Amino acid sequence: MKTDIQIAQEATMLDIRKIAEKIGATEDDIEMYGKSMAKLSDEFIGKLADKENGKLVLVTAINPTPAGEGKTTVTLGLGDAMRKLDVNSVVAIREPSLGPCFGIKGGAAGGGYAQAVPMDKLNLHFTGDFHAITSANNLLCAMLDNHLLQGNELRIDPKRVVIKRCLDMNDRALRNITVGLGKRLDGVVREDHFCITVATEVMAILCLAENLEDLKARLGKIIVAYNYDNEPVTAEQLKAVGAMTVLLKDAIRPNLIQSLENNPVFVHGGPFANIAHGCNSVRATKLALKAADLVITEAGFGADLGAEKFLDIKCRMAGIKPDAVVLVATARAMKYNGGIPKDELNKENVEALKKGIVNLGKHIENLKKYNVPVVVTINKFVADTDAEVAAIKEFVEDKGCRFAISEVWEKGGEGGIELAKQVLDAVEEGSPNFKFLYEDSLSLKEKIETISKEIYGADGVEYSPEANNALKKLEALGFSNVPVCMAKTQYSLSDDQKLLGRPTGFKVNIREVYVSAGAGFVVAIAGQIMTMPGLPKSPAAERIDVYESGEIVGLF
């Protein structure tokens, strides 16, 4: 059986100019990065501004196993299937982070015969967007530390610096560090921290900004620290905004690549859904809606994270809504949620599947709270048995949802025809009564508790003293009307990754709360989730290599 990267390396890619033609773009509308990648110009975005929007389909999933359940695979395969049905469709997804790429999951460009290519470039440095975001964030940190050394005119309290440096890599040793050691001119000694690039506010801002002007305004609002009078100090006060924007001026433009079947794929931005808001950029989504009749996008991890944030944060800020939602499930994930260990997931176990299927049931219930039609699809694996699939189908149809099997990993777009037809039926139904889970007028605690009770199924919320104090401070600063971005484990509906299935009788523990003022939301960190992940005992990086010929192996 060929690996994903072998399939991708054997693909016949079209010149990116040919792909651009499929969305109505000319060679003058793109900036090419080699023959297979391009950035779309501001002029092209402006050219489509008056076009009517197409329909929007969100792809999400149940709580995954550590290996992932193929949500991006289904997204890309569904896009190819739509094109086979002569639907003018575009896929819009996130850029992969190097953290998971070299950690547990490997690459994140789809899989099998439903991939975005060039797979190796996409998973590695791509068009440099993440480098630009990392550089802009770390420039801001450098200017802050320089300000402390050069007289500290803004009276910043070194013990109340909240901005973190970043790196697009899993590196737990950088979570807590000390900077400024050495001689006086080496800086002010203080405790500092790193987070992964995809968890930064700069990443969130890039993905929510409408244009360069909006980007500047949002960057200026980033709170970097508090002064001795307990007042926030911003990036604008540090005079860092102009230089940060220069670093991001190309990164804000959406990227265009192609699927294995030579169909257009927008790839732009990459916030993690277990830490940040987990959606591709507003700019890419809105451009796709102008360029196509149907847009298929995804939100990271399970629907309790990515979909909730897509619906309550991205849709709220961007003024968009999905016409249908595809909920991806796998037999192995339901067996995993039913208590079966990872090394036994390929064995038939209908009893365990029926025990774990309550996780799927909860996600269906959650999505229906937004008044959107739901299509459940099984991303079929070779080891899945007829009895397992039949049990899932019966459960889904009893819940009043459309159901389809996806075989896009094995068959590409052809394996997604059944799913595509179900999705088109759902889109026809639409979501005229779409609603958010909570209103802006609720307090921050009410929003946290609404998400925890309604989406996670918690009995309540417990706050650390630090979180309680932070909430009071943020309310006093005027941040009560913004959405809440929950940061928690992706492996459970609760904040404890060991509580699988559909846990009950638990409380969500909020240990830290802070505002991403430029992004426009408050972050609530639950349980033990870390904003800088670590590598596993045997990381994927150990199995990745490149030959003299330039061929990369082990990437996925």
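Remember, predicted model here, so these are calculated numbers, not experimental data.

Chemist: Quick one: what's the story with the sheet that holds strand E23 (residues 521-526), residue by residue and with numbers?
Modeler: Strand order in the open sheet formed by four strands is E20-E22-E23-E21, with mixed pairing between adjacent strands. Sheet topology places strand E20 (460-463) and strand E21 (484-487) at the edges, where each strand pairs with a single neighbour. On average, each strand axis in the sheet is inclined to that of its neighbour by 40 degrees, with strand direction left out of account. Here helix H12 (residues 303-318) sits on the sheet in contact with E21 and E23, set at roughly 160 degrees to E21. Sheet strands in contact with helix H19 (residues 444-456) are E20, E21, strand E22 (507-516) and E23, and its direction is about 55 degrees off that of E21.

Chemist: Pulling in residues and values, what's your account of the packing of helix H7 (residues 129-149) against helix H10 (residues 241-248)?
Modeler: One way to put it is that H7 packs onto H10 with a least axis distance of 8 Å and a crossing angle of 165 degrees. Put simply, H7 runs roughly antiparallel to H10. Every pair of crossing elements has a handedness; the one defined by H7 and H10 is right-handed. Contacts between H7 and H10 involve Ala132, Ile133, Ser135, Ala136, Leu139 and Leu140 on the former and, on the latter, Ala243, Met244, Leu247 and Leu248. Here the contact of H7 with H10 is composed, by residue class, of nine nonpolar, one polar and no charged.

Chemist: So, the packing of H7 against helix H8 (residues 201-208): which residues are in play, and what are the values?
Modeler: For the pair H7 and H8, the least separation of the axes is 9 Å and the interaxial angle reads 125 degrees. One finds that H7 runs oblique with respect to H8. Once H7 is placed against H8, the crossing between them reads as right-handed. Taking contact as the criterion, the partners of Phe130, Ile133, Ala136 and Asn137 in H7 are, on H8, Val202, Met203 and Leu206.

Chemist: Explain the nonpolar core residue by residue, including any values.
Modeler: By size, the foremost hydrophobic cluster in this structure holds 138 residues, and its most contacted members are Ile222, Leu248, Leu360, Ile392 and Ile510. Counting residues per element, this core draws most heavily on H7, which supplies eight residues. Those residues in contact with Leu360 that sit more than four places away from it in its chain are Ile62, Leu327, Ala329, Met334, Val376, Ile392, Phe395 and Val396. Ile7, Cys101, Ile296 and Ala420 belong to the second largest nonpolar core, which has 44 residues in total.

Chemist: Tell me what's going on with the sheet that holds strand E12 (residues 223-227), and back it up with residues and numbers.
Modeler: An order of E7-E12-E13 is seen for the three strands of this open sheet, with the pairing classed as antiparallel. Single-partner strands in this sheet number two, and they are strand E7 (156-161) and strand E13 (232-234). Sheet twist, expressed as the mean angle between neighbouring strand axes with direction ignored, is 50 degrees. Here E7 runs beside E12; their pairing, made up of two bridges, is antiparallel. For Val161, the partnering residue across the bridge sits in E12 and is Ala225.

Chemist: How would you summarise the pairing of strand E3 (residues 55-61) if you had to cite specific residues and measurements?
Modeler: E3 sits mainly inside the fold: six of its seven residues count as buried. As paired strands, E3 and strand E16 (residues 294-298) are joined by five bridges and run parallel to one another. Counterpart to Val57 in the pairing with E16 is Ile296. As judged from the five bridges shared by E3 and strand E17 (residues 324-329), these two strands associate in the parallel manner.

Chemist: Go over the pattern of salt bridges, please, and point to the residues and values.
Modeler: The tally for this structure, following the rule as stated, stands at 28 salt bridges. The salt bridge partner of Lys488 is Asp304, with a shortest N-O separation of 2.7 Å. With Lys488 in the loop between E21 and E22 and Asp304 in helix H12, this residue pair connects regions lying 184 residues apart in the sequence. Of the charged contacts in the structure, one is a salt bridge between Glu429 and Arg402, with a shortest N-O distance of 3.0 Å. One end of the pair, Glu429, is in helix H18 (residues 417-429); the other, Arg402, is in strand E19 (residues 402-406), and 27 residues separate them in sequence. Each of Glu31, Lys249, Asp250 and Arg253 takes part in one network of salt bridges that share partners.

Analysis parameters
- Numbering of residues starts from 1 in every chain and runs along the sequence as written.
- The model is predicted, so local features are restricted to residues of pLDDT at least 70 and side-chain atom pairs to those at 80 or more, both for listing and for counting; the totals for chains, interfaces and linings are taken over all residues.
- With hydrogens and water set aside, each side-chain value is computed from the structure's full complement of heavy atoms.
- By this definition, two strands are paired if DSSP reports at least two bridges between them.
- Under the scheme used here, helices are H or I runs from DSSP no shorter than 4 residues and strands are E runs no shorter than 2 residues, and both carry numbers assigned from the N terminus.
- Angles shown run from 0 to 180 degrees and are taken between the N-to-C directions of axes, each axis being a line fitted to C-alpha atoms and, for helices, limited to the stretch in contact.
- Contacts are residue-level and defined by heavy atoms, with any inter-residue pair within 4.5 Å sufficient.
- Orientation labels follow simple angle bins: below 35 degrees gives roughly parallel, above 145 gives roughly antiparallel, 65 to 115 gives roughly perpendicular, and whatever is left gives oblique.
- Crossing handedness follows the turn of the near helix against the far one: under a right angle anticlockwise gives a left-handed crossing, and clockwise gives a right-handed one.
- Under the scheme applied here, ten amino acids are nonpolar (Ala, Val, Leu, Ile, Met, Phe, Trp, Tyr, Cys and Pro), four are charged (Asp, Glu, Lys and Arg), and all others, including Gly, are polar.
- Grouping buried Ala, Val, Leu, Ile, Met, Phe, Trp, Tyr and Cys residues that are joined through side-chain atoms within 4.5 Å yields what is termed a nonpolar core.
- The buried label goes to any residue with under 20% of its type's maximum accessible area, the exposed label to any with over 50%, and the partly exposed label to all in between, with areas taken from a 1.4 Å probe on protein chains only.
- Salt bridge, as used here, is a side-chain nitrogen of Lys or Arg placed within 4 Å of a carboxyl oxygen of Asp or Glu.

This is a description of form; function is not addressed.
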